[in-house]
Amino acid sequence: MGKRYALDEPIAGKRIQPSGEEEEMSKAAVGIAVVALLLAAGAFTLTVLIWAMPSLIIDRYDLKHKGDANQGGSQGQGQTPGAVSTTPPQTQLTVKPTQGPEVIAEIQQKPQIYIFGYDGDWRPQQYVNAEGRLAGISIEVMTEVCRMKNKTCHHTLSHQPKEIWDTRAKNGQGIQNGWYHAGVGLFRTADRINVFKFLGEYLTPSMAFFYGMKNNATNVTNTTVPATTPGPPSSSSIIGFHELYYTDQSCLVRNGVTMARDIHRITNDFEELKDLLASGTIDYIFAPDNTFPAGGDIVKISPGYDCTLGNGGIMMRHDMDLQWVEEGMAELISSQKYRDICNSATVNHGAAATCLP
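Heads up: these notes are all about the structure in this document. Residues take numbers from 1 onward in each chain, read along the sequence in its written order. In keeping with the predicted nature of the model, local features appear solely for residues at pLDDT of at least 70, side-chain atom pairs appear and are counted solely at 80 or more, and the whole-chain, interface and lining totals rest on all residues. With hydrogens and water excluded, all non-hydrogen atoms of the structure serve as input to the side-chain values.

## What about helix H11 (residues 336-343)?
The test is simple: Whether a residue is buried, partly exposed or exposed follows from its accessible area with a 1.4 Å probe, protein chains only, as a fraction of its type maximum: under 20%, in between, or over 50%, in that order. Secondary structure follows DSSP: runs of H or I at least 4 residues long count as helices, runs of E at least 2 residues long count as strands, and numbering of each begins at the N terminus. By arc we mean the arc of the directions from the helix axis to the C-beta atoms, nothing more. We call two residues in contact whenever any of their non-hydrogen atoms come within 4.5 Å of each other.
For H11, the complete set of buried residues consists of Tyr338, Ile341 and Cys342. Considered in projection along H11, the buried side chains sweep an arc of 95° and stay on one side of the axis. Set apart from the buried face of H11 by more than 90 degrees, the exposed residues are Gln336 and Asn343. Of the surrounding elements, those touching the buried residues of H11 are helix H4 (137-148), strand E7 (197-203), helix H10 (323-333) and helix H12 (345-349).

## So, the pairing of strand E6 (residues 182-187)
Note the cut-off: A pair of strands is considered paired only if DSSP assigns at least 2 bridges between the two.
Burial runs high along E6: six of the six residues are buried. By the bridge criterion, four bridges tie E6 to strand E13 (residues 312-316) in an arrangement that is antiparallel. In the strand pairing of E13, Phe187 is matched with Gly312.

## A few points about unusual backbone geometry
Note the cis peptide between Arg123 and Pro124, where omega equals 5°. Phi at Asn150 takes a positive value of approximately 55°, unusual for a residue other than glycine. Following the sequence through the fold, Asn150 ends up in the loop between H4 and strand E5 (152-157). Residue classification places Asn150 among the exposed residues on the basis of a relative accessible area of 69%.

## Quick word on the packing of aromatic side chains
The condition is simple: Centres within 6.5 Å make a pair out of two Phe, Tyr or Trp rings, where for Trp the six-membered ring is used; the pair is then stacked when the planes are under 30 degrees apart, edge-to-face when over 60, and tilted otherwise. Remark: a charge is flagged as sitting over a ring if the NZ atom of Lys or the CZ atom of Arg is within 6 Å of the ring centre and within 35 degrees of the ring normal.
Across all of its chains, the model carries 14 aromatic pairs by this definition. Measuring from centroid to centroid gives 5.9 Å for Phe210 and Tyr305, while their planes differ by 85°, and the two rings are edge-to-face. With Phe210 in strand E8 (residues 208-213) and Tyr305 in strand E12 (residues 298-305), this pair connects stretches of sequence that are 95 residues apart. Accessibility assignment for this pair places Phe210 and Tyr305 in one class, buried. Centroid distance Tyr245 to Phe270: 5.0 Å. Interplanar angle 75°. Geometry classified as edge-to-face. Linking Tyr245 in the loop between strand E9 (239-242) and helix H8 (249-254) with Phe270 in helix H9 (residues 270-279), this pair joins segments that are 25 residues apart in sequence. Taken as a pair, Tyr245 and Phe270 share a single burial class, namely buried. The rings of Trp122, Phe187, Tyr211, Tyr245, Tyr246, Phe270 and Phe292 are connected pair by pair, giving a single aromatic cluster. Sitting above the plane of the Phe209 ring, Lys300 keeps its charged end 4.6 Å from the centroid.

Here you go:
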């Protein structure tokens, strides 16, 4: 057999060299090892950064999801008048320094939409017209105030007046829960100021009266509500009240009129009260002056009662900042525009308005 040689042992003065294919494979293996090392180093570095500064990931995750919630919560703001918002008008989004100037600028540029709630059964202040739209001097007044103060406002008809003020619960669910920034066309009363604050006065209050059917009211000797001299109804008289109005049972109690609270009827519609009165289901309606036109079957019975603690305006939660309404209302009332709105109420809305003098 011939002699065996090691790879590095000289053969006739020469060293054995690796083939070209073997050399290429060796280089590829080195390249793969370098790439794997770089990837491992990058993963290690990212892990250290996330551990040391978790806000890099969490803050942006929060921003996305809070922004989605904000978008969903504001869907009710685009409703047309006559629709009731069922979600809060706005969702506060906390801006953190790590969210970047471009994100902060985008949030700040979004316009604030103010949602005001109205009852639709009080002509000429606020009512539903023949086209089914919310109308009245209250809408005209608030629209002008929003325009003067460069605010975006949405005027919403509440089909459930207790959302704005619930006589029995002595609260307003829609205002308390933030569905409306404020209710419009409301007067201060002892019950209301315990819960809400008022500003932007533009209406004067009317005295409250008992109303009865003509054949009953004229026969004053047989009625429990005197027509010419003060005196409370008997405990057997059934009185009808409107849900939202300041002419409630608490007003009568404050004026020294006592009655059994569990026999009266409270509705959110004067037409329903008129039907109950005509059918004899109730004996009287307690309502503001001029609620029913003179000369009809329903007549006003003296004396009148003072149920309010001041002028009427907008009612809101104590933590709601609507100072711009107060400022805008003061500017409007001092202008000819306010006088024009009030003076045209009879022509435009079918009755005289109770505006400030």
